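Remarks on the overall topology
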2 protein chains.
Amino acid sequence: ESGALAKVQRILNSGLAPVDVAHLIESSPPKARKILWELVDKELEGEVLQYLSEELQSHFLSDMSAAEVVDMTADLDTDDVADMLQQLPERVTQEVLDSMDQVDRARVEAILGYPEDSAGGLMNTDTVTIRPEITLDVVLRYLRRHKSLPAMTDNLLVVNRQNEFIGLLPVSKLLVSDPQQTVREVMTTDAKIIPATMHDTDVAKLFERHDLVSAPVVDAAGVLIGRITIDDVVDVIRETADHSLMSMAGLDEDEDTFAPALKTSRRRAVWLGINLITALAASAVIGLFDKTIEQVVALAVLMPIVASMGGIAGSQVLTLVIRGQALGHLSGANFRWLFNRELIVAGINGILWAVVIAIVTFAWFHDIKIALIIGSSIIINLLVAAITGAALPLILKARGIDPALAGGVILTTVTDVVGFMTFLGLATLFYL
Amino acid sequence: ESGALAKVQRILNSGLAPVDVAHLIESSPPKARKILWELVDKELEGEVLQYLSEELQSHFLSDMSAAEVVDMTADLDTDDVADMLQQLPERVTQEVLDSMDQVDRARVEAILGYPEDSAGGLMNTDTVTIRPEITLDVVLRYLRRHKSLPAMTDNLLVVNRQNEFIGLLPVSKLLVSDPQQTVREVMTTDAKIIPATMHDTDVAKLFERHDLVSAPVVDAAGVLIGRITIDDVVDVIRETADHSLMSMAGLDEDEDTFAPALKTSRRRAVWLGINLITALAASAVIGLFDKTIEQVVALAVLMPIVASMGGIAGSQVLTLVIRGQALGHLSGANFRWLFNRELIVAGINGILWAVVIAIVTFAWFHDIKIALIIGSSIIINLLVAAITGAALPLILKARGIDPALAGGVILTTVTDVVGFMTFLGLATLFYL
């Protein structure tokens, strides 16, 4: 047993890359996680921790003293250290900062000064800066004095005496140009410059559109304060994309797949509670028509079809619009076109499926009245579903509510209520 | 009017970057799209086209002759040309290939020989290769003979006489090392090498885990055939993430937000048809118990609650497992733990909401029997939902069916059928 543990320990600390150890820990149930984490060597803890999800970072960090955190983060990039510190209580963060050396401390504090989801929170402070007046030959000799360059250094950053950003010297240009030229002659001045306050999803769009590997970050005065690299942007892209998927099921994109049962139950309970209210609203509508159902039980048999077809059609529109918003494809001008298109689509599919369902209903219950009523309800509910699915994300977004989280619940409430109301209402009108 | 058009034309061809023109075209309804595309200068068409979605590429390409396609793609990267050619009919592709010069043709054909979703289909063929025995000084002089280096050249690729890949010389290492050293002394030999047949999602995982900017692609014999860069990998990451979101609503991740109404209607109709079958199955179950409903109309009022709570709980588990699969967190060993956790969660939430719903039901209908029946049905349906939501993605994946596409429909069918069956079945048992 202890032989097996020693073997695992050896694999964790010398066989696997820290990122793979982190992946292994994330893929393990709570107990195995704890054991694995304890087997990781002290020197590797920081490396492993930086690849873990925020939830797990804060879980493991909460057991550590400030001194241990300082030791562990000594060799990490400043942006990763800043990310970790954000998972700690204010008091511990201060203690950790106090025990760092002055340079590192200033760097981490620069990042902590910006929100986590801004360019400033995403940036790294390890930049290689040069002056415009020197020759490329001097640059080459200057670089050779370094032991290594920061990861993903595809550009050297050109700054003036006030450390204001004035241009980029791509490494690829440095390599192919005549060494006697000056930096100013070779540098590019139309670089994408990122203000520290830019939202991280906008940073991601900029990187995606212009195929960037890194980009300089400046403060409000134009002073260079850091650099964002594509590896951190990829995390933002992945999280943003995950967010819509998870939110639509009422889950958090940071959701830990292997969270303990009690924690999971508590989180899920909230979502079920919200949806219970939806279900009760639908039931209340049905309750209004209990006399009609008593007389024609076929209505109870058929009513879920009307609600369900509306929900399905609406959620297609909702998903399309939410995705369009995320990609930046939707604005006021083209939304009008999309809205009309969705009404036409709902009309076409409404008529198509109304006919099919009416035929099925007639074949089943041999009642032409009920067949006509369900057909009309399907058309009405599909039109309402299209309007709701298209308009809801815009209304919610304008009010600062996340469409991916709230959209589905509200849509289902509308299509359920309208579906039951039209179907049972029309039936009451024509039967009683 | 024509003055305004000329203005737009000027903006399109000199004011905006090609990627922004592509974004504008993607964000426009069909008619505006056609006009915009016609205003783009012939020389820029290729640049713009490479940023459009596959659906739009094939739409615009279908109007072009082979000669026009050759002209348009002359200045593009080989991987982008290959991507476009894959949107053309076989006959036109051959014609285009025939009219290319020999070097370009060989390069494009090398890519076309691999599936679009493999490393070979994703790679670019413009690599900078060097021999291990030369000194860094010679490398620097060799590079200076180039006008420019391919985009995202963070590594030079070291090959032997047979063009077999033997190592990487990171540009950052080239810059900080003593020029008298040989490539062999400085190069790294533990590079991540990508076989041309690797699936593109696995390539993306490798890039994400190891923070790569580019990686060499080799064929089965170990011969270097190309290079994959992070910009193309980001597209794969975005598409993979989009896929789950869109599939769950029965949409395609390449879905054009502004497709014409008729095309959209046809695609959506299929999904509505599939879901109608689900709804009819649920109705059939209700139909079995029409005599019971006739006697106790409250059952018709309450039954959607049981089905809906099951659907919501199940889709949370389903989404979590599908995400876990995509992240590579789930394997046989930890799935067992997850399955048990979900059963416990379903038990806890089942009991909690069964009590709440039973109380609401009793307050509403003053009938203790019906309150107990709905409570029990909720617990049973939540347990079934958890089992289905957890097991379904694994079963579907093992059979080569996409869980994101089929999972939701099957889950809803199960929770509807089981929900109505238990609730109405128990009622029939205890009332009649």
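Residues numbered from 1 in each chain as written. Chains lettered and ligands numbered in written order. Predicted model: local features only at pLDDT ≥ 70, side-chain atom pairs only at ≥ 80, totals over all residues. Heavy atoms only, no water.

What about the overall build of chain A?
Applied cut-off: What counts as a helix is a DSSP run of H or I of at least four residues, what counts as a strand is a run of E of at least two, and both are numbered from the N terminus. Between the two quantities, the radius of gyration covers C-alpha atoms and the globule rule is 2.2 Å times the number of residues to the power 0.38. Remark: exposure states derive from per-residue accessible area (1.4 Å probe, protein chains only) relative to the maximum for the residue type, with buried under 20%, exposed over 50%, and partly exposed in between. Shrake-Rupley sampling with a 1.4 Å probe provides the accessible areas, and residues are treated as covered by the protein chains on show and by no other component. Residues counted as positive are Lys and Arg, residues counted as negative are Asp and Glu, and His and the chain ends are not counted. Note that the charge is assigned to NZ on lysines, CZ on arginines, CG on aspartates and CD on glutamates.
Scanning chain A from terminus to terminus reveals 21 helices and six strands. Taking 432 residues into account, the globule formula puts the C-alpha radius of gyration at 22 Å, and chain A, at 30 Å, lies well above it. Across its three principal axes, chain A shows a C-alpha extent of roughly 90 × 65 × 35 Å. By the burial criterion, 53% of the 432 residues in chain A qualify as buried. Within the structure as shown, chain A displays about 18300 Å² of accessible surface, and the carbon and sulfur contribution to it stands at 58%. Between the mean site of the 33 positive side-chain charges and the mean site of the 55 negative ones, chain A shows a separation of 4 Å.

Some thoughts on the domain arrangement of chain A
Residues and elements named next belong to chain A. Threshold: Where each domain starts and ends comes from a domain assignment, either automatic or drawn from a database. In what follows, residue pairs with any heavy atoms lying within 4.5 Å of each other are defined as contacts. What counts as buried area is the accessible surface, traced by a 1.4 Å probe, that two parts surrender upon association, with contributions from both included.
Domain boundaries in chain A define domain 1 (2-118), domain 2 (129-247) and domain 3 (261-431). Measuring from the centre of the C-alpha atoms in domain 2 to the corresponding centre in domain 3 gives 49 Å. At the junction of the two partners, domain 2 supplies four residues and domain 3 supplies six residues. Interface area, domain 2 with domain 3, both sides summed: about 380 Å², of which 51% is carbon and sulfur. Among the residues domain 2 hides against domain 3, the three largest losses belong to K205, S244 and S247. Together they make up 82% of the total.

Things to note about the sheet that holds strand 2 (residues 155-159) of chain A
Residue and element names in this part refer to chain A. Heads up, the rule is: A strand pair is defined by DSSP finding two or more bridges across the two strands.
Across the sheet, which stays open at both edges, the three strands sit in the order 1-2-3 with mixed pairing between neighbours. Pairing within the sheet leaves two strands with one partner each, and these edge strands are strand 1 (129-130) and strand 3 (165-170). Two elements, strand 2 and strand 3, share five bridges in a ladder whose sense is antiparallel. Each residue of the ladder has a partner; that of L157, found in strand 3, is L168.

Points about the relation of the copies chain B and chain A
Our working definition: Superposing the copies works by least squares over the C-alpha atoms of residues that have pLDDT at least 70 in both of them.
Here chain B sits on chain A after a turn of 180 degrees about the axis and a move of 0.0 Å along it, with an RMSD of 0.1 Å. What the superposition gives is, in effect, a two-fold axis relating one chain to the other. A high fraction, 100%, of the interface residues of chain B reappear at the interface in chain A, so the copies pair face to face through one surface.

Topic: the interface of chain B and chain A
Reports of interface size often rely on the accessible area that becomes lost once the parts have come together. Basically, it comes down to this: Salt bridges are counted wherever a side-chain nitrogen of Lys or Arg sits within 4 Å of a carboxyl oxygen of Asp or Glu. In protein, a polar contact means a hydrogen-donor-capable atom and an acceptor-capable atom, both N or O and within 3.5 Å, with residues adjacent in sequence counting only if both atoms are side-chain atoms; elsewhere, any N or O pair within 3.5 Å suffices. As a working rule, the residues Ala, Val, Leu, Ile, Met, Phe, Trp, Tyr, Cys and Pro are called nonpolar, Asp, Glu, Lys and Arg charged, and the rest polar, with Gly in that last group.
The interface of chain B with chain A comprises 107 residues on the first partner and 107 residues on the second. Counting the surface lost from both chain B and chain A, the interface buries some 9800 Å², and carbon and sulfur atoms represent 69% of this. Its largest share of buried area at the contact with chain A, chain B owes to L175, Q316 and R323 of chain B, together 8% of the area lost on that side. One can count eight salt bridges joining chain B with chain A. We note a salt bridge from R209 of chain B to D20 of chain A, for which the minimum N-O separation is 2.3 Å. Our enumeration of links across chain B and chain A arrives at 34 residue pairs in polar contact (both at pLDDT 80 or more). Partitioned by chemical class, the residues of the side of chain B that touches chain A number 65 nonpolar, 24 polar and 18 charged.

Looking at the pattern of salt bridges
Across all of its chains, the model carries 32 salt bridges over all chains by this definition. A salt bridge links R105 of chain A to E109 of chain A, with the nearest nitrogen and oxygen atoms 3.4 Å apart. Within this pair, R105 of chain A and its partner E109 of chain A are both found in helix 9 (residues 102-112), separated by four residues, close to a single helical turn. A relative accessible area of 34% means that E109 of chain A is categorised as partly exposed. We note a salt bridge from E95 of chain B to R91 of chain B, for which the minimum N-O separation is 3.4 Å. Remark: R91 of chain B and E95 of chain B occur in helix 8 (residues 90-98); sequence separation between them is four residues, near one turn of the helix. For E95 of chain B, a relative accessible area of 40% gives the class partly exposed.

Considering the nonpolar core
A general trend in soluble globular proteins is that nonpolar side chains are found buried together. We count it as follows: Nonpolar cores were defined as sets of buried Ala, Val, Leu, Ile, Met, Phe, Trp, Tyr and Cys residues, with membership established by side-chain atoms within 4.5 Å.
Of all hydrophobic cores here, the largest spans 102 residues; its most connected members are I228 of chain A together with I228 of chain B. Dropping the residues within four chain positions of it, I228 of chain A is found in contact with A119, L122, M123, I194, V203, F207, V213, S214, A215, V217 and V233 of chain A. Of all hydrophobic cores here, the second largest spans 74 residues; its members include I305 and I370 of chain A together with W271 and L272 of chain B.

What to know about the packing of helix 18 (residues 298-327) of chain A against helix 15 (residues 230-248) of chain B
Rules: Here an axis means a line fitted to C-alpha atoms, over the contact stretch when the element is a helix, while the angle between two N-to-C directions is reported on a 0 to 180 degree scale. Angle categories are assigned with fixed cut-offs, so that under 35 degrees is roughly parallel, over 145 is roughly antiparallel, 65 to 115 is roughly perpendicular, and the rest are oblique. Rotating anticlockwise by less than a right angle from the far helix to the near helix defines a left-handed crossing, while the corresponding clockwise rotation defines a right-handed one.
Where helix 18 of chain A contacts helix 15 of chain B, the two axes come as close as 11 Å, and the packing angle between them is 155 degrees. Between helix 18 of chain A and helix 15 of chain B, the angle is such that the two are roughly antiparallel. You can see that helix 18 of chain A and helix 15 of chain B cross each other, and the crossing is right-handed. Taking contact as the criterion, the partners of T319, L320, R323 and L327 of chain A in helix 18 of chain A are, on helix 15 of chain B, R238, D242, L245 and M246 of chain B. Split into classes, the residues belonging to the contact of helix 18 of chain A with helix 15 of chain B amount to four nonpolar, one polar and three charged.

Topic: a negative patch on the surface
All names here are of chain A. Condition: Patch membership is restricted to residues that have no salt bridge and whose relative accessible area is over 30%. Joining uses 9 Å for like charges and 5 Å for the nonpolar side chains Val, Leu, Ile, Met, Phe, Trp and Tyr.
Judged by side-chain charge, E54, E116, D117, D235, E239, D252 and D254 come together as a negatively charged surface patch. Inspection of the secondary structure assignment puts E239 in helix 15 (residues 230-248). A residue is classified by how much of its surface remains accessible, and E239, at 42% relative accessible area, is partly exposed.

Quick look at the environment of A119 of chain B
All names here are of chain B. Summarising the element assignment, A119 is placed in helix 10 (residues 119-122). Distance from A119 to E294, taken between C-alpha atoms, is 62 Å for residues 175 residues apart in sequence. Apart from the residues within four sequence positions on either side, A119 is in contact with I194, P195, A196, M198, V203 and I228.

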